[in-house]
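Tertiary structure, described
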Amino acid sequence: MPIQIIRSALAACALLAATPAASYWEYGHQTVAKIAFASVSPATRAKLTALLRHGDLLGTPECAVNDMASASTWADCIKPLKDASGKPRFGYADNWHFQDVDVCQPFDLTAPCADGNCLSTQIVRQQARLANRALPLADRVQALAFLTHFVGDLSQPLHAGEHHDQ
């Protein structure tokens with residue numbers, strides 16, 4: 001049997017046996033959340049756990065929030081949810097997941113986030129909402145879920161830079 005046929009057969013087997021690589025998606029977000037949760041003080045961990053017990057207040061049973069791992073993926077899970085009129089229920093948060101800073105220009109965080117609808121501004125905003133005990137409990141749980149997710153988004157290169165290549 002000629003060597004080229006053997007090579008072609010081996011290449012075909014390799015392609016057919018290939019499986020998709022594990023991407024960042026849930027695994028990445030959950031890993032970041034678990035590391036963060038393990039890194040905080042026991043007192044903070046207890047407060048976070050107590051807050052997460054109220055995840056049902058978000059009204060998203062299809063996207064449960066009951067621990068840090070589920071909170072870390074909540075902001076992606078809610079994207080397809082619709083309100084009563086059929087519009088995206090959380091569409092206002094679509095641009096909060098990334099920061100389009102041109103990687104080939106001098107660093108400027110203000111221009112790509114002039115309206116506040118970007119990752120870095122929302123991390124600061126959600127942190128402030130989480131800390132604001134005057135807000136309703138549901139708002140604070142939502143802030144925790146957004147914050148947990150966005151910190152994970154920030155560590156993804158394709159969420160934190162742009163070169164007009166989408």
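Look up: the structure comes first, before these words.
Bear in mind that the values here come from a model prediction, so they are computed numbers and not experimental data. (Residues numbered from 1 in each chain as written. Predicted model: local features only at pLDDT ≥ 70, side-chain atom pairs only at ≥ 80, totals over all residues. Heavy atoms only, no water.)

**Some points on the overall build of the protein**
Along the backbone of the protein there are 7 helices and 0 strands. Moving toward the C terminus, one meets the helices and strands of the protein in the order α-α-α-α-α-α-α. Taken over 166 residues, the protein has a buried fraction of 33%. Taking as baseline every contact in the protein between residues at least 6 positions apart, the subset at least 24 positions apart corresponds to 57%. Within the structure as shown, the protein displays about 10,300 Å² of accessible surface, and the carbon and sulfur contribution to it stands at 62%. (Helix = DSSP H or I, 4+ residues; strand = E, 2+ residues; numbered from the N terminus. Buried < 20%, exposed > 50% of the residue type's maximum accessible area, 1.4 Å probe, protein only. Contact = heavy atoms within 4.5 Å. Areas by Shrake-Rupley, 256 points an atom, 1.4 Å probe, with all protein chains shown as cover.)

**Regarding empty space enclosed by the protein**
For the structure shown, the criterion picks out 1 cavity of 30 Å³ or more. Here the largest cavity is characterised by a volume of approximately 40 Å³. Surrounding the largest cavity, Ala-75, Ile-78, Lys-79, Phe-90, Ala-93, Asp-94, His-97 and Phe-146 form its lining. Considering only residue class, the lining of the largest cavity consists of 5 nonpolar, 1 polar and 2 charged. (1 Å grid on protein atoms, 1.4 Å probe; cavity = no way out; pocket = protein on both sides within 12 Å on 5 of 7 lines; lining within 4 Å. Points joined across faces, edges and corners; volume = space filled by probe spheres on them. Nonpolar A, V, L, I, M, F, W, Y, C, P; charged D, E, K, R; others polar.)

**Describing the layout of surface pockets**
In this model, the largest pocket occupies a volume close to 480 Å³. Every element with two or more residues in the lining of the largest pocket is listed here: helix 2 (25-39), helix 3 (42-52), helix 5 (119-131) and helix 6 (137-154).

**Considering the state of the cysteines**
Summed over all chains, the structure comprises 2 disulfides. Here Cys-63 pairs with Cys-77 through a disulfide, and the sulfurs are 2.1 Å apart. Every disulfide takes its handedness from the sign of the S-S torsion; for Cys-63 and Cys-77 that torsion is -80°, giving left-handed. In this pair, Cys-63 is assigned in the loop between helix 3 and helix 4 (68-77) and Cys-77 in helix 4, connecting sequence segments 14 residues apart. Look at Cys-77 and you get partly exposed, because its relative accessible area is 30%. Bridging Cys-113 to Cys-118, the disulfide has an S-S length of 1.6 Å. (Disulfide = S-S within 2.5 Å.)

**A word on the packing of helix 2 against helix 6**
Remark: helix 2 packs on helix 6, axes separated minimally by 9 Å, with the N-to-C direction vectors making an angle of 110°. Judged by the inter-axis angle, helix 2 sits roughly perpendicular to helix 6. Seen along the crossing, helix 2 lies across helix 6 with a hand that is right-handed. Two secondary-structure elements touch here, helix 2 through His-29, Val-32 and Ala-33 and helix 6 through Thr-148, His-149, Val-151, Gly-152 and Asp-153. Within the contact of helix 2 with helix 6, the residues separate by chemical class into 3 nonpolar, 4 polar and 1 charged. (Axes fitted to C-alpha atoms, helices over the stretch in contact; angles between N-to-C directions. Parallel < 35°, antiparallel > 145°, perpendicular 65-115°, else oblique. Left-handed = near helix turned anticlockwise from the far one by under 90°.)

**Description of the nonpolar core**
Generally speaking, nonpolar side chains in soluble globular proteins are found buried as a group. The biggest cluster of nonpolar side chains holds 26 residues, and the ones touching the most others in it are Val-65, Trp-74, Ile-78, Leu-144, Phe-146 and Phe-150. Those elements giving two or more residues to this core turn out to be helix 3, helix 4, helix 5 and helix 6. Ranked by residue count, the leading element in this core is helix 6, at 7 residues. Setting aside anything within four residues of it in sequence, one finds Phe-146 in contact with Trp-74, Ala-75, Ile-78, Tyr-92, Ala-93, Trp-96 and Gln-126. (Core = buried A, V, L, I, M, F, W, Y, C linked by side-chain atoms within 4.5 Å.)

So far we have only geometry, and geometry alone does not tell us how the molecule works.
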